[in-house]
Amino acid sequence: MSRSRELAAAAGLCLVGAALVLLAVSRPWVTLRLGAAPPLPSRRLDIRGVHLVPGARALGLLGLAGVAALPATRRLGRVLVGLLLVGTGVGVVADIARALADPRAALVRSGSPAQDGAGLGAWPWIAIAGAVLIGAAGLLAVVRGRRWSELSARYDAPSAPRPQREPSLWEQLDRGEDPTSAGSADAD
């Protein structure tokens, strides 16, 4: 695989992974039926992933920022971005694993009325898949990122203009000037 394709693959993995995480946490993970005293109807309460695992959305946005950071950075910076993306993937998995280990406690932490036996559905697993993709993009950047192409220098900040130097005697003679006459004019 060529270097530019590796960079495109890492950015693509990061983009798809971040999109999966952000999509998954925006969907309802738990639906609760809240009974009411008759004659009032029962209520349905959807609890979204962002309420159960609040850190996952922020980490998903960080993974999305990695899409722009990978091609914009250079060697060492790209490795640091890769390490940050690996940490992002691990953080999302850890946050979701905590909710999957004890869904009832996750409901209590979110401020929702807890219900015994509440399952979290399939969306947490989709978010974990996205986190794995973000981590894979980061790992690819850490291992291979130093060899990828960089943005050209035209994107760098403009540098200060170079100071003008005095032309040498030979350059003055080549232009048809008399270097000795300039010295005599200053003496007057």
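This text goes with the structure placed above it.
Residues numbered from 1 in each chain as written. Predicted model: local features only at pLDDT ≥ 70, side-chain atom pairs only at ≥ 80, totals over all residues. Heavy atoms only, no water.

Draft legend 1. Looking closely at the packing of helix 1 (residues 3-25) against helix 6 (residues 123-144). Between helix 1 and helix 6, the shortest axis-to-axis distance is 7 Å and the interhelical angle comes to 155 degrees. Here helix 1 lies roughly antiparallel to helix 6, going by the angle between them. The chirality of how helix 1 crosses helix 6 is left-handed. Every residue of helix 6 that contacts helix 1 at Glu6, Ala10, Leu13, Cys14, Val16, Gly17, Ala18, Leu20, Val21, Leu23 and Ala24 is listed here: Trp123, Ile126, Ala127, Gly130, Ala131, Leu133, Ile134, Ala136, Ala137, Leu140 and Arg144. (Axes fitted to C-alpha atoms, helices over the stretch in contact; angles between N-to-C directions. Helix = DSSP H or I, 4+ residues; strand = E, 2+ residues; numbered from the N terminus. Parallel < 35°, antiparallel > 145°, perpendicular 65-115°, else oblique. Left-handed = near helix turned anticlockwise from the far one by under 90°. Contact = heavy atoms within 4.5 Å.)

Draft legend 2. Broad picture of the nonpolar core. Grouped together as the largest cluster of nonpolar side chains are 29 residues, with contacts concentrated most on Trp29, Val30, Leu52, Val53, Leu70 and Ile96. Listing elements by their share of this core, those giving two or more residues are helix 1, strand 1 (28-34), helix 3 (54-72), helix 4 (75-101), helix 5 (103-109) and helix 6. Top element by residues in this core is helix 1. It accounts for 7 residues. In contact with Ile96, other than residues within four places in its own chain, are Trp29, Val53, Pro124, Ala127 and Ile128. (Core = buried A, V, L, I, M, F, W, Y, C linked by side-chain atoms within 4.5 Å. Buried < 20%, exposed > 50% of the residue type's maximum accessible area, 1.4 Å probe, protein only.)

Draft legend 3. Broad picture of helix 3. A rise of 1.5 Å per residue sets the reference length of helix 3, with its 19 residues, at 27 Å; its end C-alpha atoms lie 29 Å apart and thus fit the reference within 8%. Among all positions of helix 3, only Ala56, Gly60, Gly63, Gly66 and Leu70 are buried. Where helix 3 is buried, its residues meet helix 1, helix 4 and helix 6. (Expected span 1.5 Å × (residues − 1).)

Draft legend 4. Representation of the pattern of salt bridges in the model. Per the counting criterion, the structure on display carries 2 salt bridges. Put simply, Arg144 and Glu6 hold a salt bridge, and the shortest N to O gap is 2.8 Å. Note that Arg144 is positioned in helix 6 and Glu6 in helix 1, a separation of 138 residues in sequence. When its relative accessible area of 7% is taken as the criterion, Glu6 is described as buried. For Arg175, the salt bridge is made with Glu177, and the minimal N-O distance between the two is 3.4 Å. Overall, Arg175 belongs to the exposed group, its relative accessible area being 51%. (Salt bridge = Lys/Arg side-chain N within 4 Å of Asp/Glu carboxyl O.)

Draft legend 5. Broad picture of the environment of Arg48. Mapped onto the elements, Arg48 comes out in strand 2 (residues 43-48). Using a relative accessible area of 36% as the deciding quantity, one classes Arg48 as partly exposed. When the C-alpha atoms of Arg48 and Pro28 are compared, they prove to be 3.9 Å apart, with 20 residues separating the residues in sequence. Setting aside chain neighbours within four positions, we find Arg48 in contact with Val25, Ser26, Arg27, Pro28 and Trp29. There is a polar contact of 2.6 Å between the side chain of Arg48 and the backbone oxygen of Ser26. (Polar contact = N/O pair within 3.5 Å; in protein donor to acceptor, adjacent residues only side chain to side chain.)

Draft legend 6. Seen up close, a nonpolar patch on the surface. Together, Leu15, Leu61 and Leu64 give the surface a local cluster of nonpolar side chains, amounting to about 250 Å² of exposed area. Tracing the chain through its elements places Leu64 in helix 3. The partly exposed category is assigned to Leu64, whose relative accessible area is 36%. (Patch = residues over 30% accessible without salt bridge, like charges linked within 9 Å, V, L, I, M, F, W, Y side chains within 5 Å. Areas by Shrake-Rupley, 256 points an atom, 1.4 Å probe, with all protein chains shown as cover.)

Draft legend 7. Local environment of the side chain of Arg78. Its location among the elements puts Arg78 in helix 4. For Arg78, a relative accessible area of 0% gives the class buried. Separated by 3.2 Å, the side chain of Arg78 and the backbone oxygen of Gly145 make a polar contact. The contacts of Arg78, once residues within four sequence positions are left out, are Leu70, Pro71, Thr73, Ala141, Gly145, Trp148, Ser149 and Glu150.

Draft legend 8. Spatial organisation of helix 1. If you check helix 1, its first and last C-alpha atoms are 33 Å apart, about what 23 residues at 1.5 Å a residue would give, namely 33 Å. Residues of helix 1 that are buried include every one of Glu6, Leu7, Ala10, Ala11, Cys14, Gly17, Ala18, Val21, Ala24 and Val25, and no others.

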